[in-house]
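# Overview (structure and organization)
Chain by chain, the residues run as shown.
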Amino acid sequence: MKNSFHINTQLLGLIGHPIKHTFSPFIHNVAVELKKLNYIYLPFDVPPSNLRNAIKGMIALGIKGFNVTIPHKEAVLSYMNNVSDEASIIGSINTIVNDQGKLNGYNTDADGILNTLLPYKEKLNGENVSIVGAGGAARAVIYSLIRYFKPKKINLINRTEQRAESLKIYFRDKMKFDSFKICELFPPDLINVLKDSKLIVNATPVGMFPDSDDTITTLKESFKKNQIVFDLVYNPPQTKLLQLASSEGAVTLDGIKMLVHQAAKSFELWTGEILPIDELNKSLQLYIQD
Ligand code: NAP
């Protein structure tokens, strides 16, 4: 990166805890360089006990924008002056824009999910789908599926069943969608539920670096030919889950496309510029292979 920061350089960043696995600084700093803009993007490891101070610091220091990741996506809602309709329905924020001390919250994960699944829109219409996980990312997946893909039934599968139950009630009230089935994450009981799903989404960190040998299920009977399996984990791109699903003939989608598209929307909200997706994908592939 060129050493060309000066008095007008604006700061962007990521707040989360932990944040070691993130590719976002790479994506945004390459985009800034490709577009010849005057920003720098830095990661900030902010434990929950420091979230309030970090947000205050953002305003005090005039930091232009933050991405927000685990575990703050829901907690930051209460610090916003405005929240987009989408973020408000999803109930979590991954992008903050500081507009001269007024904080606007957005959720761009939904853009990433929409762009990843759009080529399969007709195949998903009226089908059963399964989502594993019930955190912030799962909320964006549920929102996007109901809003854009019209599934018949959504199986909500989570380690803590009660949390999935809460999401069912939340989205039934917010989006008037009532066709949920709640399941505990116990793979032997899930074979038929998963196999009967046209789409399976992993919205948990299971399989993420450095625990790349982990997977939400090792039971290959859970998958079938022509099923779509989408893993939100992007590091590594080819997770154990995707390898297993692919070996059974499923179409597999990694978390990279979602990552780049959600980043593109955040970048546009902060800078008003379109992120050069194709060039960025090329740089990202090289970075990951390194
Ligand atoms: P989160 O809010 O912390 O939720 C995590 C979910 O995963 C919870 O439902 C949790 O279950 C479950 N979980 C965590 N560890 C587990 C384990 N060892 N076994 C089984 N279940 C487990 O996290 P999030 O923000 O939703 O993010 C989830 C994943 O999506 C992360 O890997 C994140 O990097 C990825 N993501 C990717 C993108 C992208 O652009 N590709 C964007 C957003 C998120 P409990 O309820 O039982 O705790």
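Here, the structure is the one placed above.
Since this is a predicted model, take the numbers as computed values, not measurements.

## Here's the deal with the sheet that holds strand 5 (residues 95-99)
As summarised here, the arrangement of the six strands in space is 2-1-3-5-6-4, forming an open sheet in which the pairing is mixed. At either end of the open sheet lies a strand with only one pairing partner, and these are strand 2 (39-45) and strand 4 (82-83). Bridge count for strand 4 against strand 6 (residues 102-106) is two bridges, and the pairing is parallel. For Asn82, the partnering residue across the bridge sits in strand 6 and is Asn104. Its contacts with the sheet place helix 1 (residues 24-34) against strand 2 and strand 3 (65-68), and it is angled at close to 170° to strand 2. Here helix 2 (residues 51-61) sits on the sheet in contact with strand 1 (10-16), strand 3, strand 5 and strand 6, set at roughly 40° to strand 5.

## Comments concerning helix 2
Among the residues of helix 2, Leu51, Ala54, Ile55, Gly57 and Met58 are the ones counted as buried. Along the long axis of helix 2, the arc covered by the buried residues comes to 155°, so they all point the same way. Downstream of helix 2 by one or two residues, Gly62 has phi in the positive range, about 70°.

## Some points on the packing of helix 4 (residues 109-117) against helix 6 (residues 136-149)
The contact between helix 4 and helix 6 brings their axes to 9 Å, and the two run at 55°. Considered as vectors, helix 4 and helix 6 are oriented oblique to each other. Relative to helix 6, helix 4 is oriented so that their crossing is right-handed. Only Ala140, Val141, Tyr143, Ser144, Leu145, Tyr148 and Phe149 of helix 6 make contact with helix 4, whose side of the interface consists of Asp109, Ala110, Ile113, Leu114 and Leu117.

## A few points about the pattern of salt bridges
Counted according to the given criterion, the structure contains seven salt bridges. Residue Arg139 pairs with Glu74 through a salt bridge whose shortest N-O separation is 3.9 Å. Taken together, the residues span a long stretch of sequence, with Arg139 in helix 6 and Glu74 in the loop between strand 3 and strand 4 at a distance of 65 residues. Overall, Glu74 belongs to the partly exposed group, its relative accessible area being 34%.

Each value, and the rule that gives it
- Positions within a chain are numbered from 1, following the residues in the order the chain's sequence is written.
- In view of the model being predicted, local features appear only for residues whose pLDDT reaches at least 70, and side-chain atom pairs are presented and counted only at 80 or more, with totals across whole chains, interfaces and linings using the full set of residues.
- By convention in this description, side-chain values take in all heavy atoms of the structure and omit both hydrogens and water.
- Any two strands are treated as partners once DSSP identifies two or more bridges connecting them.
- In this text, helices come from DSSP runs of H or I with a minimum length of four residues, and strands from runs of E with a minimum of two, each type numbered from the N-terminal end.
- Two residues form a contact once any of their heavy atoms are found within 4.5 Å.
- Working convention: axes come from line fits to C-alpha atoms, limited for helices to the stretch in contact. Angles between N-to-C directions cover 0 to 180 degrees.
- To sort residues, take the accessible area from a 1.4 Å probe on protein chains only and compare it with the maximum for the residue type: under 20% means buried, over 50% means exposed, and anything in between is partly exposed.
- The arc in question is the one traced by the directions running from the helix axis out to the C-beta atoms.
- Every angle not falling under 35 degrees, over 145, or within 65 to 115 is termed oblique; those three ranges are roughly parallel, roughly antiparallel and roughly perpendicular.
- Whether a crossing is left-handed or right-handed is set by the direction in which the near helix is turned from the far one by less than a right angle, anticlockwise for left-handed and clockwise for right-handed.
- The term salt bridge refers to a side-chain nitrogen of Lys or Arg lying within 4 Å of a carboxyl oxygen of Asp or Glu.

The quantities given are spatial measurements derived from coordinates; they are silent on function.
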